[in-house]
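# Close look at the chain arrangement
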Amino acid sequence: MSKPILTVRNVSHRYEKQPVLENITFEINKGSFVGLVGPNGSGKTTLIKLLLGIEKLQRGEISAFGQPIQKFKNKGRISYVSQKANSFGRGFPATVKEVVSMGVMHNQKPLLPGQKNTLELVKHALKQVNMEDYLNRNIGDLSGGQQQRVFIARAIANEPELLILDEPTVGVDSQNVEQFYQLLSRLNQDLGITLVLVSHDIGAITTYVTDLLCLNRTIHYHGNPNDFENMPDEQRSKLYGHNINTITHDH
Ligand SMILES: Nc1ncnc2c1ncn2[C@@H]1O[C@H](COP(=O)(O)OP(=O)(O)OP(=O)(O)O)[C@@H](O)[C@H]1O
């Protein structure tokens, strides 16, 4: 049995009077690839912010690596790539090397003899995302998909155990989306990084994820993506909390 690295118990959240999450309970096991899906405004980003400790917990309990989230000192164990990580305009004055170095320096532990230095870690991370030839290029001159890969490199440079990605394929053209999911699968399987992928694109991600979590204020489904795929449309729509036929047209 895999060990849970993240545990969420009876979590509810509201913004002023608006309830956004209600009684959320689930666990994320080490080594899993979790797809977190739900329609616009269903509370996905709020849940992620709670998991990262960015949003203050109002009700319930969250623990990361066995520690309550309020006391959890991240030290690079959880990494995050936001929705807007691939929108640098042309001429933005930073190279790929500088962007990924920021990921290394954030939470860097004192260097021990024989350990990789910053440049080695940067090159290693870029190699994992097939961007090693872009080290000295300006980030703003890359395509949205290439920028997204650089941000993944930045997020994995410190070798996190859990990587959370919020809608990472927004701004990535459809040809590259498939390749992008394959890259995430590789990070999960070859490097053993546990992944949480927030997405609208339920049809595309079910092929790759090991666990599907459908959120729409409450959890409507949590389980095997294939079992979900094999359900009749009407039942899936109910579990997704929204008309399933419209999902692939959301973006
Ligand atoms: N800081 C905030 N203050 C007030 N309301 C908020 C705040 N953040 C989010 N909300 C509201 O909470 C609800 C859930 O938002 P959230 O961003 O968590 O959903 P989401 O599933 O990530 O949406 P999307 O898919 O559109 O990004 C929405 O109605 C949103 O308007």
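About the criteria used
- Residues numbered from 1 in each chain as written.
- Predicted model: local features only at pLDDT ≥ 70, side-chain atom pairs only at ≥ 80, totals over all residues.
- Helix = DSSP H or I, 4+ residues; strand = E, 2+ residues; numbered from the N terminus.
- Buried ≥ 20, exposed ≤ 12 C-beta atoms within 10 Å, placed from the backbone.
- Contact = placed C-beta atoms within 7 Å.
- Arc of directions from axis to C-beta.
- Pairing = 2+ DSSP bridges.
- Core = buried A, V, L, I, M, F, W, Y, C linked by C-beta atoms within 7 Å.
- Domains from an automatic or database assignment.
- Near = placed C-beta within 6 Å.
- Nonpolar A, V, L, I, M, F, W, Y, C, P; charged D, E, K, R; others polar.
- Axes fitted to C-alpha atoms, helices over the stretch in contact; angles between N-to-C directions.

### Some thoughts on the overall build of the protein chain
- Each helix and strand counted, the protein chain has eight helices and ten strands in total.
- A total of 251 residues make up the protein chain; the buried ones form 36% of that total.
- A sequence separation of at least 24 residues applies to 70% of the contacts in the protein chain between residues at least 6 apart.

### Structural notes on unusual backbone geometry
- Phi is positive for Asn10, close to 50°, though the residue is something other than glycine.
- Position of Asn10 among the secondary structure elements: in strand β1 (residues 4-15).
- Positive phi outside glycine occurs at Asn23, with the angle close to 50°.
- Tracing the backbone shows Asn23 in strand β2 (residues 18-29).

### Description of the environment of Ser185
- Structurally, the position occupied by Ser185 is in helix α5 (residues 174-190).
- As a C-alpha pair, Ser185 and Phe33 span 152 residues in sequence and 7.9 Å in three-dimensional space.
- If we ignore the near neighbours within four places in the chain, the residues touching Ser185 are Phe33 and Tyr208.

### Structural notes on helix α1 (residues 44-52)
- Of the residues making up α1, those classed as buried are Lys44, Thr46, Leu47, Leu50 and Leu51. Across the axial projection of α1, the buried residues extend over an arc of 165°, all falling on one side.
- One or two residues past the end of α1 sits Gly53, with phi positive at roughly 75°.

### Side note on the sheet that holds strand β5 (residues 67-68)
- Overall, antiparallel pairing links the four strands, which are arranged β2-β1-β4-β5 in an open sheet. If you trace the sheet from one side to the other, it starts and ends with β2 and β5, each paired once.
- Where β1 meets strand β4 (residues 59-64), five bridges bridge the pair, whose relative direction is antiparallel. Pairing of Leu6 across the sheet is with Ala64, part of β4.

### Describing the nonpolar core
- Membership of the largest hydrophobic core comes to 61 residues, with the highest contact counts inside it found for Val34, Val100, Val150, Ala153 and Leu197.
- No other element matches the six residues that helix α4 (residues 144-156) contributes to this core.
- Residue assignment places this core across two domains, with domain 1 (26-56 + 160-251) and domain 2 (85-159) each supplying three or more.
- Setting aside residues no more than four positions away along its own chain, Val150 makes contact with Val96, Val99, Val100, Met131, Ile139 and Leu142.

### Structural notes on the site of the ligand
- Around the ligand, the neighbouring residues are Tyr15, Val20, Gly38, Asn40, Gly41, Ser42, Gly43, Lys44, Thr45 and Thr46.
- Among the residues forming the shell around the ligand, the class breakdown is two nonpolar, seven polar and one charged.

### Some points on the sheet that holds strand β10 (residues 218-223)
- Strand order in this open sheet of six strands is β6-β7-β8-β3-β9-β10, and the pairing throughout is mixed. Single-partner strands in this sheet number two, and they are β6 (78-81) and β10. Neighbouring strand axes in the sheet, compared pairwise and without regard to direction, differ in orientation by 15° on average.
- With four bridges connecting them, strand β3 (residues 33-37) and strand β9 (residues 211-216) associate as parallel partners. Note on β9: the bridge partner recorded for Val34 is Asp211.
- Running over the sheet, α1 touches β3, β6, β7 (162-166), β8 (194-199) and β9 and is turned about 150° from β7.

### What to know about the domain arrangement of the protein chain
- Taken domain by domain, the protein chain consists of domain 1 (26-56 + 160-251) and domain 2 (85-159).
- Sort the elements by how many residues they give to the side of domain 1 that touches domain 2 and α5 lands first, with four residues.
- Tallied by class, residues from the side of domain 1 that touches domain 2 come to nine nonpolar, two polar and one charged.

### Some remarks on the environment of Gln58
- By secondary structure assignment, the location of Gln58 is in the loop between α1 and β4.
- The spatial distance from the C-alpha of Gln58 to the C-alpha of Val81 is 24 Å, given a sequence separation of 23 residues.
- Those residues in contact with Gln58, other than ones at most four positions away along the chain, are Ser12, His13 and Arg14.

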